[in-house]
Amino acid sequence: MDTIGFFAFSLPETQNKGSKREVIWGEGIMRTGLHKGFVIKPFLPETPYYTIISEFNKLTDGLDSKFEEYFGKGRQTGIRDRRPATIGDEPSESTSKEDYIIGARHIIDVLKKGACDKIVYSRLIQKEAGCSAYELFNRLCGMYPWAYVFAFHTRATGSWIGASPELLMEATEGNLHTMALAGTLRADSKEHWDLKNREEHNMVVRYIDEILSRYFTDCSISPTTEKPAGPVRHLLTHISSSIHGKHVDIEQFLREFSPSPALAGLPKSRAIEEIVNTEKHTRDCYGGFAGPCIDESNFTFFVNLRSIKWRYPYCNLYVGGGLTPLSDPETCLLYTSPSPRDLSTS
């Protein structure tokens, strides 16, 4: 039997070219594979693409009732697809600070032995849902004008809401644009970018350049700047390429491209192996990507980052950061501790 999915999203104000922020939504049959509609890709490379086949609606009258239908009213479960999601077991509790420190020390030991250059390690913080999903979505749109705010529900993935600062990839008018967003400092910190953060960022830039150069030509790399992202700031480098006239298997290309070292590590396969063996929770869609797709040369995908999995009576907040041999576990813990405003549900 076909299952029905729902999505809503709002692009960052910079991509709306100064116009008023608008919300786009849709609902329809969910199919595996990359099709026209709203595409969802979980974190692990071997998991399938899911597409909600739908038109993109801009009229938002009654959108609150759609959120209620799929996410539930207040803290209540929605009426759609109450069966559990199929891609991961539900974690029963938050990652304790002690468990995070133990896992981080293990990963840093692995890095110091030379098995990997970088591994992105995450923790899960379970919170009680203190508002409706629709209220949270609207709150994020107002709080984070620089973010891609999204919500989606399918039986295969469960229900997710987030405010991502990171574009995975955008293709339009024969051009392909992506970004390296790695290296993190607190927004209120007066620290300068140290060697650990700069090298972590450069790893991502080199990886993206290598992958794009394998498929396309004429890659362009911008000077590195920094991007504010709520309670933190990141190093940012824009990377673009021409795809005009190129015939590329986009599904395979994206599967190789994502997750990038900014979400997994390097070498990617070994980093993912350490993530799966060390983290006590499954990432599911965290670290994957989602967004609208018109066709293989016209799409906008953002990384599923700064996100929560909505599941009555709790919501699971996922936060993470890159570890290198120079990392300190206690310092990294600070950067995975959300501020009171970060995806607040109360």
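A. Fine view of the nonpolar core. The biggest cluster of nonpolar side chains holds 57 residues, and the ones touching the most others in it are Phe38, Phe152, Met169, Phe253 and Leu254. For this core, the element with the highest residue contribution is helix H4 (residues 195–215), accounting for seven residues. In contact with phenylalanine 38, other than residues within four places in its own chain, are Phe7, Phe9, Tyr50, Thr51, Ile52, Phe56, Tyr148, Phe152, Ala290, Gly291 and Pro292. Membership of the second largest hydrophobic core comes to 28 residues, among which are Ile125, Ala147, Val149 and Cys315.

B. Quick look at helix H6 (residues 268–278). Among the residues of H6, Lys268, Ala271, Ile272, Glu274, Ile275 and Thr278 are the ones counted as buried. All buried residues of H6 lie within an arc of 160° about the axis, which places them on one face of the element. Facing away from the buried side of H6 by more than 90 degrees, the exposed set consists of Ser269 and Asn277. Tucked inside the fold, the buried residues of H6 contact helix H2 (97–112), strand S5 (118–128), H4, helix H5 (250–257) and strand S13 (265–266).

C. Here's a closer look at unusual backbone geometry. A cis amide bond, omega 0°, links serine 258 with the succeeding residue proline 259. With respect to the helices, strands and loops of the structure, proline 259 is situated in the loop between H5 and S13. Cis geometry is found at the peptide bond from leucine 266 to proline 267, where omega equals -15°. Tracing the backbone shows proline 267 in the loop between S13 and H6. Of note in this structure, glutamate 173 is not a glycine but carries a positive phi near 50°. Within the secondary structure, glutamate 173 sits in the loop between strand S8 (167–172) and strand S9 (175–186). Given a relative accessible area of 76%, glutamate 173 falls into the exposed group. Of note in this structure, aspartate 284 is not a glycine but carries a positive phi near 55°. Mapped onto the elements, aspartate 284 comes out in the loop between H6 and strand S14 (289–295).

D. Quick peek at the pattern of salt bridges. Applying the stated rule across the entire model yields 14 salt bridges. Taking the shortest distance from any N to any O, the salt bridge between lysine 280 and aspartate 99 comes out at 3.3 Å. With lysine 280 in the loop between H6 and S14 and aspartate 99 in helix H2, the pair connects residues that are 181 residues apart, well separated along the chain. Notably, a salt bridge pairs aspartate 284 with lysine 309, separated by 2.7 Å at the nearest N-O pair. Note that aspartate 284 is positioned in the loop between H6 and S14 and lysine 309 in strand S16 (residues 307–311), a separation of 25 residues in sequence. Judged by relative accessible area, which is 2%, lysine 309 ranks as buried. Residues joined in a network through salt bridges with shared partners are Glu27, Lys66 and Glu69.

E. Highlighting the environment of arginine 123. In this structure, arginine 123 sits in strand S5. Classification of arginine 123 by relative accessible area gives buried; the value is 6%. Separated by 29 residues in the primary sequence, arginine 123 and serine 94 place their C-alpha atoms 7.7 Å from one another. Beyond its immediate chain neighbours, meaning those up to four positions away, arginine 123 contacts Thr95, Lys97, Tyr100, His281, Leu317, Tyr318, Val319, Leu333, Thr336 and Ser337.

F. Main features of the packing of H4 against H5. H5 packs onto H4 with a crossing angle of 160° between their chain directions and a minimal axis gap of 11 Å. Classified by the angle their axes make, H4 and H5 are roughly antiparallel. Note on packing geometry: the crossing formed by H4 with H5 is right-handed. Counting all contacts with H4, which are made through Tyr207, Ile208, Ile211, Leu212, Arg214 and Tyr215, the residues of H5 involved are Gln252, Phe253, Glu256 and Phe257.

G. Highlighting the side chain of serine 327. Locating serine 327 in the fold gives a position in the loop between strand S17 (314–323) and helix H7 (329–335). The exposure class of serine 327 is buried, given its relative accessible area of 10%. Here threonine 324 takes part through its backbone nitrogen, which lies 2.8 Å from a polar atom of the side chain of serine 327. Residues in contact with serine 327, not counting those within four places in the same chain, are Ile108, Lys196, Gly322 and Cys332.

H. Broad picture of helix H3 (residues 133–143). Considered for burial, the residues of H3 that qualify are Ala133, Leu136, Phe137, Leu140, Cys141 and Met143. In this structure, the buried side of H3 is in contact with strand S1 (4–10), helix H1 (63–71), strand S6 (148–154), strand S7 (158–164) and S16.

So, how was this worked out
Residues numbered from 1 in each chain as written. Predicted model: local features only at pLDDT ≥ 70, side-chain atom pairs only at ≥ 80, totals over all residues. Heavy atoms only, no water. Core = buried A, V, L, I, M, F, W, Y, C linked by side-chain atoms within 4.5 Å. Buried < 20%, exposed > 50% of the residue type's maximum accessible area, 1.4 Å probe, protein only. Helix = DSSP H or I, 4+ residues; strand = E, 2+ residues; numbered from the N terminus. Contact = heavy atoms within 4.5 Å. Arc of directions from axis to C-beta. Salt bridge = Lys/Arg side-chain N within 4 Å of Asp/Glu carboxyl O. Axes fitted to C-alpha atoms, helices over the stretch in contact; angles between N-to-C directions. Parallel < 35°, antiparallel > 145°, perpendicular 65-115°, else oblique. Left-handed = near helix turned anticlockwise from the far one by under 90°. Polar contact = N/O pair within 3.5 Å; in protein donor to acceptor, adjacent residues only side chain to side chain.

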